[in-house]
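Topology and contacts: notes
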Amino acid sequence: MLELHALLDFTDCDSGSIDSHPNYWYEGRCPQSGELVRLPRTRMSEDLARGLMQYLAADDSYAREGKMYGILLVEMASGEQGILKAFSGLLNGCSIVEGWVPPIPGRDRVAFEEARTLTQLEAMKQELIALNQLPQRQEYEALFREFEVQLQVLSDRQRNCKQQRDEKRQLLCQTLATETLEIALEQLNQESRLEGIERRHLKRQRDETLQPLKQLIEAADGRMRALKQRRKELSRELQTQMHAAYTLVNFLGKSRSISSLMPTNSIPTGTGDCCAPKLLHCAAVNNLKPLAMAEFWWGPPSGDKIQGEFYGACGDRCQPLMGFLLSGLAHNRTVSNINEGVTGGLEAHPTSNNFYCGTGILPVTQMLPIIYEDKWLIAVNKPSGLLSVPGRYLENQDSIFSRLRNLLPDSLDLTAVHRLDWETSGILLLSRDKETSSQLRQQFETKQVQKVYEAVLSGTVKIDAGTIDLPLWGDPENRPYQQVNWECGKPSVTRFQVMAKEGNCDRVEFLPLTGRTHQLRVHAADVRGLGIPILGDRLYGCRAAANRLHLHARELSFEHPQLGETLYLKAETPF
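Worth saying up front: this structure is predicted, and the values here are computed from it rather than measured.

About the cut-offs
Each chain carries its own residue numbering, running from 1 in the direction its sequence is written. Only residues with pLDDT of 70 or above have their local features reported here, since the model is predicted, and side-chain atom pairs are shown and tallied only from 80 upward, although totals for entire chains, interfaces and linings are computed over all residues. Think of the side-chain values as coming from all heavy atoms in the structure, minus any hydrogens and water. Segments assigned H or I by DSSP are reported as helices when at least four residues long, segments assigned E as strands when at least two residues long, and all are numbered from the N terminus. Only protein chains enter the accessibility calculation, which uses a 1.4 Å probe; a residue whose area is less than 20% of its type maximum is buried, one above 50% is exposed, and one in between is partly exposed. What makes two residues a contact is simply this: any of their non-hydrogen atoms within 4.5 Å. Here the open area of atoms and residues is found with the Shrake-Rupley method and a 1.4 Å probe, where only the protein chains shown may cover a residue. The span one expects for a helix is its residue count, reduced by one, times 1.5 Å. The nonpolar core is taken to be a set of buried Ala, Val, Leu, Ile, Met, Phe, Trp, Tyr and Cys residues, with the residues joined through side-chain atoms within 4.5 Å. Each residue carries a pLDDT value, the predictor's own confidence for that position, ranging from 0 to 100. Pairing between strands requires that DSSP locate at least two bridges from one strand to the other. Structural elements are reduced to axes, namely lines fitted to C-alpha atoms, with helices fitted over the stretch in contact, and the angle between N-to-C directions of any two is expressed from 0 to 180 degrees. Take a side-chain nitrogen of Lys or Arg and a carboxyl oxygen of Asp or Glu: if they are within 4 Å of each other, that pair is a salt bridge. In this scheme, roughly parallel covers angles under 35 degrees and roughly antiparallel covers those over 145, while 65 to 115 is roughly perpendicular and the rest are oblique. Classification used: nonpolar for Ala, Val, Leu, Ile, Met, Phe, Trp, Tyr, Cys and Pro, charged for Asp, Glu, Lys and Arg, polar for all others including Gly. Any Phe, Tyr or Trp ring, taking Trp's six-membered ring, that has another such ring centre within 6.5 Å forms a pair; planes under 30 degrees apart are called stacked, those over 60 apart edge-to-face, and the others tilted. In this scheme, the term charge over a ring applies when either NZ of a lysine or CZ of an arginine sits within 6 Å of the ring centre and within 35 degrees of the ring normal.

1. Remarks on the overall build of the protein chain
- A tally of regular secondary structure across the protein chain gives 10 helices and 23 strands.
- Put simply, the protein chain has 575 residues, and 46% of those count as buried.
- Partitioning the intrachain contacts of the protein chain with sequence separation of at least 6 by distance along the chain shows that 65% fall at a separation of at least 24.
- Total accessible area on the protein chain is roughly 29,600 Å²; 49% of this is exposed by carbon and sulfur atoms.

Pasting the structure below:
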């Protein structure tokens, strides 16, 4: 039975109004009409969520496993307001917990298959543990080390003997006649051959002893690889069945399976188990009108997730479902321009498509600040919170590139020749024809483009200037996160200089000599670099309060491909 909580369970107020200035929008396009539909996260919903945090903090069991929690403020047909609360995945191993929104229906249809698969996966897990802990592995390592010691002792002894033989040969050549010398040298050569035989004998003994163990270990490793592959296949098959069975309902009364709503065949694990889909589905099924929603992380930190912090819909599992789930929320379709536009530049055509930037919405009607333009290229002062180029999903199409494509009459060959992170502001360069694009890309690749960034660190550094040389590697399982990796990383070099001390923070100028993803952010945060994250960089460990990532592409200098002149561009730092 659905339990709808009173507002007094989470706050001292028994009613409230929806704020006119949301901190975030859950949004997507209705697949039926193409209309943008949205639901806010407001100050009131955040206050209600903090009330839930107090409830969680009172019970240590909630802090053991990190997960997302959420609340949905709803209105009943009577006009009375209430609250639904949900957790992502399982709570202490259970999917159904009294007082919490139930999981999206459909799991019961594959319950038998799920139980059978989970039993198989557990058996595979135990076999993998046993194969990994095979006693012969330790035996092999111990014998290998023992033979290595013997070979080292033998090598040391034979090296000393060789040195003595060399000295003896030199002495014999000076004192003996030819015939006697040949006999003496042959004796020394024989000693050398006997030592070689001794060494080969020890190596043969080592190989004969270790080979059976090695074969057994290789067979175990092969079995482990096969088990891991099969385990992955079983998990994928089960997820596919579950996603096909999971049925979502929206506020138009329409129902669709999760698998039919995702943009690709490869659906991320956990899709449908997050808070937002569970809350919205539950509200739709029970004819409750959503007013505002808020999700937060609780428990041990994970990646960039911190206990008590609010987060939006996850990009791979929840965001693709938002358009369908929110369909029918007519009261949220009107878009208000919350943020002020940047003055100057080229004005975009009005449209209802908006893009979330962390503290509000960047309307497409915002004026794009053009800092240089001719018939070959165009440079824009990109604001923080706007993509350089369109993203993967329909909801992430708004970008500098897509706005210019809609604005410029000759935009067919428009190309972004480099990119800035979504949170980074500053100079973004685009070409207007293929030849210019090719020549500019060549300059970037051959390091002929001079780039200067300005940043505010979340602390102070010990040295005022220097060079950071740390190779970077992106884990394909954890994109876009980058890390220092001396084996797999690509060369990444940054020069830096402290510009000023500002309280407990340093303002720093960065000159990247290479152009790796998140290069400046990792070089700042890693202890082998500056050891201080850039202010506002939650992904790389900044815990200080900040309204944005304090990183700005301030200057760009390059040779104009068509004019042959050095072009120097500068965009004033906005923080």
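After that view, the rundown keeps rolling.
2. Regarding the side chain of Ser557
- Mapped onto the elements of the fold, Ser557 is located in strand E22 (residues 551-559).
- Every residue in contact with Ser557, bar those within four places of it in the chain, is listed here: Gln448, Val449, Gln450, Thr566, Leu567 and Tyr568.

3. Here's the deal with the environment of Ser78
- Inspection of the secondary structure puts Ser78 in the loop between strand E3 (67-75) and strand E4 (81-87).
- Owing to a relative accessible area of 61%, Ser78 belongs among the exposed residues under this scheme.

4. Topic: the environment of Val389
- Secondary-structure assignment places Val389 in the loop between strand E13 (377-382) and helix H8 (400-407).
- By relative accessible area, which is 16% here, Val389 ends up buried.
- Placed 30 residues apart in sequence, Val389 and Arg419 show a C-alpha to C-alpha distance of 7.7 Å.
- Residues contacting Val389, with those up to four places away along its chain left out, are Ser399, Phe401, Ala416 and Arg419.

5. Let's talk about helix H1 (residues 43-57)
- End to end, H1 covers 21 Å across 15 residues, agreeing with the expected 21 Å (1.5 Å per residue, within 8%).
- Regarding H1, the residues found buried are Met44, Ser45, Glu46, Leu48, Ala49, Gly51, Leu52, Met53 and Leu56.
- On its buried face, H1 sits against strand E2 (36-41), E3, E4 and strand E7 (289-298).

6. Section: the nonpolar core
- Ranked by internal contacts, the top residues of the largest apolar core, which has 39 residues, are Ile400, Leu404, Leu430, Leu457, Phe510, Leu530 and Ile534.
- Of all the elements in the fold, those that place two or more residues in this core are E13, H8, strand E15 (425-431), strand E16 (450-456), strand E20 (493-502), strand E21 (505-512), helix H10 (519-525) and E22.
- Leaving out residues up to four positions away in the same chain, Ile400 has contacts with Leu368, Val380, Lys382, Pro383, Leu386, Leu387, Ser388, Leu428 and Leu430.

7. Re the confidence of the model for the protein chain
- Confidence in the prediction of the protein chain, expressed as mean pLDDT, is 84, and 86% of residues score 70 or more.
- Low pLDDT (under 50) marks residues 331-366, which in the prediction has 109 contacts with non-local residues, meaning those over four places away or in another chain.

8. Notes on the pairing of E2
- Counting buried positions along E2 gives 6 out of 6 residues, so the element sits mostly inside the fold.
- A two-sided burial pattern is seen for E2, the buried positions comprising Leu36, Arg38 and Pro40 on one face and Val37, Leu39 and Arg41 on the other.
- With 6 bridges connecting them, strand E1 (residues 24-29) and E2 associate as antiparallel partners. Each bridged residue has a counterpart across the sheet, and for Gly28 the counterpart in E2 is Val37.
- The hairpin formed by E1 and E2 contains 6 residues between the paired strands, and Gly34 there has a positive phi angle of roughly 80°.

9. Some details on the sheet that holds E3
- The 3 strands are arranged E4-E3-E7 in an open sheet whose pairing can be described as antiparallel. Lying at the two open borders of the sheet, with one neighbouring strand each, are E4 and E7. Averaged over all pairs of adjacent strands, the angle between their axes in this sheet comes to 20°, without regard to strand direction.
- Two strands pair when backbone bridges link them, and E3 and E7 are joined in this way by 9 bridges, in the antiparallel orientation. Following the sheet pairing, Val74 is matched in E7 by Pro290.
- Lying on the sheet, H1 is in contact with E3, E4 and E7; it crosses E7 at an angle near 45°.
- Docked against the sheet, helix H6 (residues 275-285) engages E3, E4 and E7, running at close to 25° with respect to E3.

10. Concerning the environment of Glu509
- Among the structural elements, Glu509 can be located in strand E21.
- Distance from Glu509 to Ala455, taken between C-alpha atoms, is 6.5 Å for residues 54 residues apart in sequence.
- Residue contacts for Glu509: discarding those within four places in its chain leaves Val452, Tyr453, Arg495, Phe496, Gln497, Met499 and Arg554.

11. Examining the pattern of salt bridges
- A complete count under the given rule lists 28 salt bridges for this structure.
- For Arg41, the salt bridge identified is with Glu46, shortest N-O distance 3.0 Å. The burial state of Arg41 is the same as that of Glu46; both residues are buried.
- Between Arg206 and Asp207 there is a salt bridge whose closest N-O contact spans 3.2 Å.
- Since its relative accessible area comes to 39%, Asp207 is described here as partly exposed.
- Connected via shared salt-bridge partners are Glu454, Glu502, Arg507, Glu509, Arg554 and Glu555.

12. Digging into the packing of H6 against helix H7 (residues 319-326)
- Running from N to C, H6 and H7 cross one another at 10°; their axes reach a closest spacing of 10 Å. On the basis of the axis angle, H6 is roughly parallel to H7. Residues Ala276, Pro277, Leu280 and His281 of H6 form the contact with H7, whose participating residues are Leu321, Met322, Leu325 and Leu326.
- Looking at the contact of H6 with H7, its residues break down into 7 nonpolar, 1 polar and no charged.

13. What to know about the packing of aromatic side chains
- The final tally for this structure, using the stated rule, is 11 aromatic pairs.
- Ring centres of Phe296 and Phe310 lie 6.4 Å apart, and the angle between their planes is 80°; on these two criteria the pair is classed as edge-to-face. Placement of Phe296 in strand E7 and of Phe310 in the loop between E7 and H7 is noted, with a sequence separation of 14 residues between them. In this structure, Phe296 and Phe310 share a single accessibility class: buried.
- Grouped by ring-pair contacts, the aromatic residues Tyr55, Tyr62, Tyr69, Phe87, Trp100, Phe296, Trp298 and Phe310 constitute a single cluster.
- The side chain of Lys85 reaches across the aromatic face of Tyr55, ending 5.9 Å from its centre.
- Directly above the ring of Tyr311 sits Lys305, whose terminal nitrogen or CZ lies 5.1 Å from the centroid.

14. As for the side chain of Asn485
- Along the polypeptide, Asn485 turns up in the loop between strand E19 (482-484) and E20.
- In this structure Asn485 comes out as buried when scored by relative accessible area, which is 17%.
- Apart from residues no more than four positions distant in its own chain, Asn485 is found in contact with Pro471 and Trp473.

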